[in-house]
Amino acid sequence: MKKELAAKIAIFALFAVICLLILIPFYAVTIASFKPGEDLIRYGLNLRFDVSAMSLDNFAYLFTGDHAYFKWFFNSLLLTVVQVALTLIVSATVAYGFAAYDFKGKNMLFVCVLLIMMVPFEILLLPLYRLIYDMGLMNSYSAIVLPGVASAATIFFFRQYLSGVPKEIIAAGRVDGATEYGIYARLILPVMKPSFAAMAILNGMNSWNNFLWPFMVLSDDNKYTLPIGLKTLLTPYGNNYDLLIVGSFFSIIPIFILFVAFQKYFIDGMTAGAVKG
């Protein structure tokens, strides 16, 4: 009994330390957003809570200053919504094909999906850039959205989740005279809500924080996403830390809202998709 209690206390302490380590950067950014940019230049990003140095000037500048922050914010928001929606729809449909049907070459195609998951994006960067250039999609949002629509990791997750769904559901739908599309739309998609929530959060985070690929294909500053826009605030000729730090603070809000909106299904989706039923 004492050993079990000690084990529970140790686990609780471990997770408390991990939680603290995760919250420290958020605390540092929050505190820094109330301080002038000169303080960040002088002391760096720190945990010092100095009430006398704190004000709302950065927030006033964010909402009233002459800058393109909210243009970048809207661009990132639009791209994230479109990319996540298309990725979930396409990847779920592909995964349903793998889980529900038996066809020639099925296992080989799924092995290809697994192999794609193992390839770092940096290796695909130059060939993908050349492909987008040849297709005439440079400096467009299509160049950002299309390469990630069929996500190998998302397909794998959905396929594992659907493997735990009884196939009797599909058989019952066919007996009732439903079409294959009707079975998928009316019977399968409602069952996949937890997995959709989990993947919406993970894909949303990836899309919202994506910097390298949009930076390579976008050249028009009116189309810049938020990570690229914030990067332009740091130049050899001067750094706008006042906008950078408060803008970074506000960039956390959409992901936080996304998690709160889908947290009801997030844990169920992750645990159900982690193992094959």
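Just so we're clear, the structure is a prediction, and the values are computed from it rather than from any experiment.

J.: An account of the overall build of the protein chain is requested, with residue identities and associated values reported.
T.: Assigned secondary structure in the protein chain consists of 15 helices and two strands. On the principal axes, the C-alpha backbone points of the protein chain span a range of 70 × 70 × 35 Å. Sequence separation of 24 or more characterises 74% of the internal contacts of the protein chain that already satisfy a separation of 6 or more. Summing over all exposed atoms, the protein chain offers an accessible surface of approximately 16700 Å²; the carbon and sulfur share of this is 70%. Computed over 19 positive and 16 negative side-chain charges, the separation of the two mean positions in the protein chain equals 11 Å.

J.: For helix H10 (residues 180-191), give the residues involved together with the corresponding values.
T.: Count 3.6 residues to each turn of an α-helix, and residues three or four apart come out pointing the same way. Spanning twelve residues, H10 covers 16 Å between terminal C-alpha atoms, matching the ideal 16 Å at 1.5 Å per step. Every buried residue of H10 is listed here: Gly182, Ile183, Tyr184 and Ile188. Here the buried face of H10 lies against helix H4 (69-100), helix H8 (152-163) and helix H9 (168-175).

J.: Residue-level account of the UniProt feature "transmembrane region" (unreviewed entry) in the protein chain, with values.
T.: Per the UniProt record, "transmembrane region" (unreviewed entry) is annotated on residues 12-34, 72-96, 108-129, 141-162, 183-202 and 243-262. Along residues 12-34, the helical share is 91% and the strand share 0%, with 33 Å between the first and last C-alpha atoms. As annotated, residues 72-96 comprises 100% helix and 0% strand, and the C-alpha atoms at either end are separated by 36 Å.

J.: Which residues make up the nonpolar core, and what values do they have?
T.: Counting residues in each nonpolar core, the largest one holds 28 residues, and the members touching the most others are Tyr69 and Leu226. Among the elements of the structure, helix H3 (57-64), H4, helix H6 (121-134), helix H7 (142-145), helix H12 (212-217), helix H13 (226-231) and helix H14 (241-251) are those that each provide at least two residues to this core. In this structure, Tyr69 is in contact with Leu62, Leu226, Leu230, Leu243, Gly247, Phe250 and Ser251, ignoring residues within four places of it in sequence. Counting residues in each nonpolar core, the second largest holds 26 residues, with Ala99, Val113, Tyr161 and Ala200 among its members.

J.: Can you tell me about the side chain of Arg159, naming the residues and giving the values?
T.: With respect to the helices, strands and loops of the structure, Arg159 is situated in helix H8. One buried charged side chain, Arg159, makes no salt bridge at all; its nearest oppositely charged neighbour is Asp102, positioned 8.1 Å away. Each residue touching Arg159, except ones within four places of it in the same chain, is listed here: Ala95, Phe98, Ala99 and Phe110.

J.: Give me the lowdown on empty space enclosed by the protein, citing residues and values where you can.
T.: As enumerated under the stated definition, the model contains three cavities of 30 Å³ or more in all. What the largest cavity holds in volume is close to 70 Å³. Along the walls of the largest cavity sit Tyr96, Ala99, Ala100, Leu162, Val165, Pro166, Lys167, Ile170 and Ile188, which together make up its complete lining. Here the lining of the largest cavity takes three residues from H4, the largest share from any one element. By volume, the second largest cavity amounts to about 60 Å³. Lining the second largest cavity, in full, are Ser76, Leu79, Thr80, Gln83, Ile144, Ser207, Trp208, Asn210, Pro214, Thr225 and Pro227. Every element with two or more residues in the lining of the second largest cavity is listed here: H4 and helix H11 (193-209). If one sorts the elements of the lining of the second largest cavity by residue count, H4 sits on top with four residues. Looking at the lining of the second largest cavity, its residues break down into five nonpolar, six polar and no charged.

About the criteria used
Residues numbered from 1 in each chain as written. Predicted model: local features only at pLDDT ≥ 70, side-chain atom pairs only at ≥ 80, totals over all residues. Heavy atoms only, no water. Helix = DSSP H or I, 4+ residues; strand = E, 2+ residues; numbered from the N terminus. Contact = heavy atoms within 4.5 Å. Areas by Shrake-Rupley, 256 points an atom, 1.4 Å probe, with all protein chains shown as cover. Lys, Arg positive; Asp, Glu negative; His and termini not counted. Charge placed at Lys NZ, Arg CZ, Asp CG, Glu CD. Expected span 1.5 Å × (residues − 1). Buried < 20%, exposed > 50% of the residue type's maximum accessible area, 1.4 Å probe, protein only. UniProt positions renumbered as here; feature names shortened; annotations may be inferred. Core = buried A, V, L, I, M, F, W, Y, C linked by side-chain atoms within 4.5 Å. Salt bridge = Lys/Arg side-chain N within 4 Å of Asp/Glu carboxyl O. 1 Å grid on protein atoms, 1.4 Å probe; cavity = no way out; pocket = protein on both sides within 12 Å on 5 of 7 lines; lining within 4 Å. Points joined across faces, edges and corners; volume = space filled by probe spheres on them. Nonpolar A, V, L, I, M, F, W, Y, C, P; charged D, E, K, R; others polar.

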